[in-house]
Each structure stands twice: as C-alpha cells, then as structure tokens.
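Descriptive structure summary
Each chain, letter by letter, is given below.
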Amino acid sequence: MDKKTTLLKGRPVIKGIAEGEALVCPESIQGWAGIDDETGVIIEKGHSQEGVSIKDRILVLPCSKGSNGWSSHFHSAKVKGITPAGWLFSKMDSRTGVAAVVIDIPAVADFEDTDPVEAIKTGDWVKVDANRGIVEVLHK
Amino acid sequence: MKLTDYEKKMLAGEEGKLKQVAMEKIVKYAETLGAEELCIVTKATIFCGAHHYLNAVESDDFDEVFSEMYMSSSEKLVLDTVSKECFCQTDVAPCDRYQWKNLKQSKTLFEKNRSYIKRAQDAGIHIAESCTPYLIGWIPLRGEHFVTAESHVVLMCNSIWSACGNSDGIEAAFWSGICARTPKWGNHIMENRKGTHVFELSCKSETPFDWDLIGYTIGRKLPAHAIPVISGNFERPDIIRLKQCFAAMGTTSGAEICHIVGITPEAPTLKEALGAKEPEGIIQITQENIDDSMKMLCDEGASSIEFVSLGCPHYTLQEISEAAAYMDGRKIKESVRFFIWTNYAIKKMADENGYTDIIRKAGGDIYTSSCPLVAGADCHAGVNGMALDGAKQVHYIRSETDAKVFYGDMYQCIDAAVSGRWGE
C-alpha cells in the first residue's frame, strides 16, 4: 500500500541533505534542563517526549523557549557525538538561529503555507533538502 | 550582507584571528536569521566560568574549551581580548565568589572556576557574576543594542528601558562581545516590537510572589513568537516585581519583550503598545489560572526541609533587608542549609548595613555569583525537601532532583527554614 507523502517548503537555513524519523515537539524544548548534556535525551519534566533522545531524528519545533542557554546544551550533546539528523523550525527566532549555526546540521525554517509542527507527526519519515528548502514527509 | 569597511576588515582577519572567527559566526548567524546588516553592540553580559555543561569537552585547557564551546571552532583559539566598543561583564558562575564548602563543591572546581573567570577578566570582561546586571549599573538605554546570556535580562532591558536585544545564546553573546556586532534583526528593529497578544489580568497582583506567578502563567499561555501586552486591572509593579515576572515568563516561553500598559515606555496606551493594530488574541489571566500554576510549581504534601534558597533572580538590597528584618532574632533549624543569593556588590552593601550579620546569626548566609541551578545538583544532593521562592528556580530544578520541591514567598521559605518542615 502506498504511504501518503506531503511536501513542505521553507527557507533553507543551514544547507545539506538529511533524513530520519520525525520527533515533533509542539511545546518546543526548554533551554535549561531541556535535553541532557551528554545523552541528548529530553529531560524537561512533563514534556510530551520526556525520555526520548534527539539523536538522528528530524527535530520539528515551532520555536525555542526558556533559557538563553538554548543552543549550549545541544552544543554539549554535539561534542558527545549526539545531534539530530536535521531540524525544522516553523519560524526562525534568535535562540534557534544561534543553535542552527552552532550545531551545523541541515536546517529549514520559516515555512510557507503549512506549519511543519501540524503537518508532521512523530514517527513519520522525513527527508530534508536544506539546499532548496524542500521537506518530504512520508507519513507512517 | 551589507557590511561596513571595519566589519569587512574584521572578517578579513586584519583585526586578529579571534575577531575574524567571531565575525564569521555573527555573519553566519545573520544569514541564518535572514538579516541584511549588523548593528553595533555596546553592552554584553557573558556566561563565563567553569560551568558544568563545558565538561563535554574532556579537557581542563581553557583555550580548548573556549574554542569549542564558545567559538564553535575546531581550531584552537586564544581568548586574548574582547572588543573595546562593547562593555562586557560576566553572568553568573557555577561557584560562589568566596566559598565552596557549604555548597558541597570541591576546592578543585572552585579554583578551576576562578581560573576561568581570570582568563575572561584578562581579556577585558569585567567580573560581575550577576544574573541581574541592571541592579549594578549595566543598563542599556532606549535604542542601545545589547547582548546577554540571561533570558530575563532580555525581557527587562527591551521592556523597561526600550533597549534592543534578542535572546541569541551563550555562544553568540561571546561572539558579539569580541566583535561588538550582532545581526540587525528581531528586537533590534523598533517596528518589530509591537504587541500581538493582550493579557488581561484579573488575578492578584500585589506582591513580588504574585508577579512571579503572573509571569509564569503568561509564559504558559503565550503562543509561539507572540509579543505579550499586559493590560487589565493590576497593582502598579516595581522593579522587584518585574524582575520576578520576567524571570518566570522567560522560563515558560520564548518571550523577549513584554509591554505593560501605563508602565513600560513603548506602552503608554494599549493602542500604542499594539501599533494601532487589532490584537491577534486576547487572553484572560484569572486567579484560577494562577492557582493552576501554583499547583504545577509547588509539590503537594509535607516533608522535612533541609535546603532553603532565596534570590532567583538575585536579590536586591531591598529584598535582603526585608529577609533580614523577618529573620532577626529567629533561629534556622540546624539541619537546614539556608542561602540568599545576590551579586558581590550588593553583598558588600548588605554587610555594611548589618543584614549579613543578622542572617548569619539566624544560621543562614548570603552567597554571591551563582544559584543552586547553576551551582549544580551536588549542592542539594540527598535532601528530602527544599523550599525556594523563585518560579524559575523551582521549574528548572525539578529536572535535577528527586527531592520534594516547595514554592512559596520569602516569608514562607524562612518559616520553613526555622521549623525544618513544609506542610503539616
């Protein structure tokens, strides 16, 4: 049976190609005590994905929130070899901008028409072409 | 990207390797945001010290840690000097400025932190070790561009003084301190700062604790990328109340500016705060919403208390004087460690005014430069219960402890320190 696919278009931010299983966080992830510095596991209390690792996922976030240290905890995890495969931001903000530069993985932001947080479900397979800003979603 | 001749020189390496890398990062950050030019930053608070998250780089070599974690560079760079165009001072550190034993920290960490701070100082970053730099003279004025590693300082300076800053991040604050530039984007452009959502308050708004909860609750209800405007019936807040409100709001949301009708300069009226546009949403903050926040923050039930911490964000002299007055002649239970946090300049004022003596006689002490969150989990390991008076501290510390966490105002927390218990 053919699986349904969706195409989304955004602004290419950090160029590159990536694919992976979507991890969608409609509530974002908080900047302090959001992810574990060493394991990349979400430790934010009460988070919908608490206990899940960001490793190799396509992380889908509407925005950042919380501490200005937002980028630095992703940074620590990166030094330990743990990053998402790529990330999508519904709309760019200052914290996500710094994190995109520091983590340097394919990133697309400022989506036209369709919000990726609504169009993509956790577990969907997502192909990110961050050279062109095209995101292909293979729904599970 | 439109760059000035001096910015091009920095980018070409004519002003040294460190400025070159800092400019490369700032330009890349600007491209990431979609900014077309940069602006000159004249004030920065920078996250210096031997912070725990830096341990990801398994090295005690400051330059190696600095290069990877602040400059995002695999090439080893030396922090030789920050920009002379930008006044830089340090944010909080993982250690008190003077003591480590009562924080259950090692002398090794204390000395390592001192050595990291010294390297920052040698490069021209002034030692302040404060999360409330605006209490000790670091105040960017209307239209002045600043960077800070502290989320609520972004809210304070944008909202109260009409200065211009974004929440950037720890790395970007360093880059900006070194090259005195940041992308001209977001809050650095005045027309981007108009309110989008009105929050009509009908809840209690009298005490700093009320405003702590108001900030936490607005943050919970704030849509992504929205700019809040506080309206409705509220008691006029002062700087202590707004310090609490903005620290809590910056915890549960990504807010960078918040207008308060009749209080903050970009909101003389509701209409002006909204830029004469209709709000995208009107959200009521009722006492019931506040009570919901209270339930999220304060554990139910009772427990022994072994750890009490006041001052998130760092206390003003006024708050210390109020705590001292309430503690005068009382005795904290022996099993309780009691902390009041501020910066070392205000600590000195507390010493001179006799407040430190009163607090010490009661069995507590005034600490500087840090807080339990930043100091790390070792400082409260093994306690059954803790009492804290800042929603930000309570919210984040839950990820670092299995202890019961109780949230109350200064007076409830001092009472808990004296009795050694929370609840019946």
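Counting of residues starts from 1 at the beginning of each chain's written sequence and follows it residue by residue. Both sets of labels track the order of writing: A upward for chains, 1 upward for ligands. In keeping with the model being predicted, local features are shown solely for residues with a pLDDT of at least 70 and side-chain atom pairs are shown and tallied solely at 80 or more, while totals for entire chains, interfaces and linings include all residues.

**Observations concerning the overall build of chain A**
Per the secondary structure count, chain A includes three helices and eight strands. A run of DSSP states H or I qualifies as a helix once it reaches four residues; a run of E qualifies as a strand once it reaches two. Both are numbered from the N-terminal end. Across chain A, helices and strands are ordered from the amino to the carboxyl terminus as β-β-β-β-α-β-α-β-α-β-β. In summary, chain A has a C-alpha radius of gyration of 14 Å against a globular reference of 14 Å for 140 residues, a match within 12%. The C-alpha extent of chain A, read off along each of the three principal axes, is 40 × 30 × 25 Å. Here chain A, with 140 residues, has 59% of them falling under the buried criterion. A pair of residues counts as a contact when their C-beta atoms, built from backbone coordinates, are separated by no more than 7 Å. Long-range contacts, defined here as pairs at least 24 residues apart, represent 74% of the contacts in chain A between residues at least 6 apart. Our radius of gyration is a C-alpha quantity, and the globule rule it is checked against amounts to 2.2 Å times the number of residues to the power 0.38. Residue burial is a threshold on neighbouring C-beta atoms within 10 Å of the residue's own C-beta, all placed from the backbone, with 20 or more meaning buried, 12 or fewer meaning exposed, and counts in between meaning partly exposed.

**Topic: the sheet that holds strand β6 (residues 197-201) of chain B**
Backbone-to-backbone hydrogen bonds join strands into a sheet, with any given pair of strands oriented parallel or antiparallel. Residue and element names in this part refer to chain B. By definition, two strands form a pair when at least two bridges between them are found by DSSP. Spatially, four strands are ordered β8-β7-β6-β9 in an open sheet, and the strand pairing comes out parallel. What marks the edges here is a single partner per strand, and that holds for β8 (259-260) and β9 (281-285). By the bridge criterion, five bridges tie β6 to strand β7 (residues 228-232) in an arrangement that is parallel. Considered in β7, the bridge of H197 is made with P228.

**Remarks on the interface of chain B and chain A**
At the junction of the two partners, chain B supplies 34 residues and chain A supplies 37 residues. Broken down by secondary-structure element, the contributors of at least two residues to the side of chain B that touches chain A are α2 (17-33), α3 (62-69), α5 (151-161) and α6 (170-179) of chain B. Considering every element that reaches the side of chain B that touches chain A, the biggest residue donor is α2 of chain B, with five residues. Looking at the side of chain B that touches chain A residue by residue, the classes come out as twelve nonpolar, 14 polar and eight charged. Gly is placed with the polar residues, together with every amino acid not listed as nonpolar (Ala, Val, Leu, Ile, Met, Phe, Trp, Tyr, Cys and Pro) or charged (Asp, Glu, Lys and Arg).

**Thoughts on the environment of L11 of chain B**
Residue and element names in this part refer to chain B. You can see L11 is positioned in helix α1 (residues 5-11). In sequence terms L11 and L242 are 231 residues apart; their C-alpha atoms lie 40 Å from each other. Excluding its chain neighbours within four sequence positions, the residues that come into contact with L11 are L3, Q20, M23, E24 and V27.

**A look at unusual backbone geometry**
Of the consecutive residues C312 of chain B and P313 of chain B, the connecting peptide bond is found in the cis state with omega at -10 degrees. Locating P313 of chain B in the fold gives a position in the loop between β11 (307-310) and α11 (317-327). Its identity as a non-glycine residue notwithstanding, S28 of chain A has a phi of 60 degrees, on the positive side. With respect to the element layout, S28 of chain A can be found in the loop between β3 (17-24) and β4 (58-61). Judged by the 25 C-beta atoms lying within 10 Å of it, S28 of chain A is buried. The backbone phi angle of A180 of chain B is positive, close to 55 degrees, even though this residue is not glycine.

**Quick word on the nonpolar core**
I58 and V60 of chain A together with V308, I340, M386 and A417 of chain B are the most contacted members of the largest nonpolar core, which totals 194 residues. Setting aside residues no more than four positions away along its own chain, V60 of chain A makes contact with A22, L23, V24, C25, L88, P116, V117 and I120 of chain A. Each nonpolar core comprises buried Ala, Val, Leu, Ile, Met, Phe, Trp, Tyr and Cys residues, the members being joined through C-beta atoms within 7 Å.

**Quick look at the confidence of the model for chain B**
Every residue gets a pLDDT, meaning the predictor's confidence in that residue, from 0 to 100. Across chain B, pLDDT averages 97, with 100% of residues at or above 70. If you check the scores for this complex, the pTM reads 0.97 and the ipTM reads 0.96.

**Considering the environment of H145 of chain B**
Residue and element names in this part refer to chain B. Looking at the element boundaries, H145 is found in the loop between α4 (107-122) and β4 (146-148). In sequence terms H145 and S106 are 39 residues apart; their C-alpha atoms lie 38 Å from each other. Filtering out sequence-adjacent residues up to four positions away, H145 remains in contact with C39, I40, V41, T42, C164, G165, T182 and H188.

**A word on helix α2 (residues 94-103) of chain A**
Counting buried residues along α2 of chain A, ten of its ten residues qualify, which places the element largely inside the surrounding structure. Of the positions making up α2 of chain A, those classed as buried are S94, R95, T96, G97, V98, A99, A100, V101, V102 and I103 of chain A. Residues of α2 of chain A that are buried make contact with β2 (11-14), α1 (70-79), β5 (86-89) and β6 (107-109) of chain A together with α2 and α6 of chain B. Looking at the residues trailing α2 of chain A, positive phi occurs at D104 of chain A, about 55 degrees.

**Focus on the packing of α11 of chain B against helix α16 (residues 410-419) of chain B**
Residues and elements named next belong to chain B. Note on geometry: axes are C-alpha line fits, over the in-contact stretch for helices, and angles between N-to-C directions span 0 to 180 degrees. In the contact formed by α11 and α16, the axes pass within 11 Å of each other and the chain directions differ by 40 degrees. Classified by the interaxial angle, the pair formed by α11 and α16 is oblique. When you trace α11 past α16, the crossing you get is right-handed. Taking contact as the criterion, the partners of E322, A323, Y326 and M327 in α11 are, on α16, M410, Y411 and I414. Residue composition of the contact of α11 with α16, grouped by class: six nonpolar, no polar and one charged. Roughly parallel means an angle under 35 degrees; roughly antiparallel, over 145; roughly perpendicular, 65 to 115; everything else is oblique. Here a crossing is called left-handed whenever its near helix is offset anticlockwise from the far helix by less than a right angle, and right-handed whenever the offset is clockwise.

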